[in-house]
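# Structural characterization, general
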Amino acid sequence: MSGDFRMRANGAGMGADSHRRDRGLLFGSRDGPGGSGPSSKSAGAMQEQEHIEAQNQQRVDNLGNKVGTLKSVAITIGDEVDYQNQMLDKMGNQFDNTSDVLGQTMKRLDEMVKSGKVNSMCYLALGLTIVMLLAYFLLRKK
């Protein structure tokens with residue numbers, strides 16, 4: 001049954017006149033449903049049909065242009081997404097490196113506290129405070 005349908009849909013096994021007549025009944029034709037040829041349709045109706053076909057072609061062309069524009073926008077968006085993914089990967093790597101450095105610094109501070117050299121830590125804090133105060137006063141005077 002489906003093979004027979006395919007043959008009929010492709011026009012195989014049918015005469016050209018029969019195929020045109022069936023198509024004309026479904027979609028309308030230049031001959032009309034019962035017409036016998038191009039002479040049965042008025043010139044005004046044929047011009048109207050040609051005008052409608054020209055409008056349809058123009059709409060198809062406009063739709064093609066819009067699809068092309070959408071395609072270029074989609075490609076641009078894809079490129080931007082790829083670029084931003086690369087930036088996020090770089091930021092993630094930098095945060096990992098910073099985290100490693102901070103972890104090593106914390107280990108050193110922990111070792112310093114455990115070693116019992118609390119005095120050296122106090123001197124370090126005092127020295128940093130003095131440097132910061134000097135920088136503040138020097139920059140304030142300018």
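Everything below is about the structure printed above this text.
Attention here is on the structure that accompanies the text. Everything quoted here is computed from the prediction, not taken from an experiment. (Residues numbered from 1 in each chain as written. Predicted model: local features only at pLDDT ≥ 70, side-chain atom pairs only at ≥ 80, totals over all residues. Heavy atoms only, no water.)

All right, on to the overall build of the chain then. Helix and strand counts for the chain stand at 4 helices and 0 strands. Reading the helices (α) and strands (β) of the chain from amino to carboxyl end gives α-α-α-α. Counting only residues that meet the buried cut, the chain has 2% of its 142 residues in that class. Accessible area for the chain stands at about 12800 Å²; split by element, carbon and sulfur atoms hold 60% of it. (Helix = DSSP H or I, 4+ residues; strand = E, 2+ residues; numbered from the N terminus. Buried < 20%, exposed > 50% of the residue type's maximum accessible area, 1.4 Å probe, protein only. Areas by Shrake-Rupley, 256 points an atom, 1.4 Å probe, with all protein chains shown as cover.)

Another aspect to go through is a nonpolar patch on the surface. On the surface, Leu102, Met106, Leu109, Val113 and Met121 cluster together into a nonpolar patch covering about 430 Å² of accessible area. The dominant element in the nonpolar patch, judged by the number of residues it contributes, is helix H3 (residues 43–114), at 4 residues. Along the chain, the position of Leu109 falls in helix H3. (Patch = residues over 30% accessible without salt bridge, like charges linked within 9 Å, V, L, I, M, F, W, Y side chains within 5 Å. Salt bridge = Lys/Arg side-chain N within 4 Å of Asp/Glu carboxyl O.)

What the rule picks out here adds up to 1 aromatic pair. On the basis of an interplanar angle of 65° and a centroid distance of 5.5 Å, the ring pair of Tyr136 and Phe137 is categorised as edge-to-face. With a relative accessible area of 44%, Phe137 lands in the partly exposed category. (Phe/Tyr/Trp six-rings, centres within 6.5 Å; stacked < 30°, edge-to-face > 60°.)

Moving on, we come to the environment of Leu109. On the accessibility criterion, Leu109 (33% relative accessible area) is partly exposed. In this structure, the C-alpha to C-alpha distance between Leu109 and Met121, residues 12 residues apart in sequence, is 8.9 Å.

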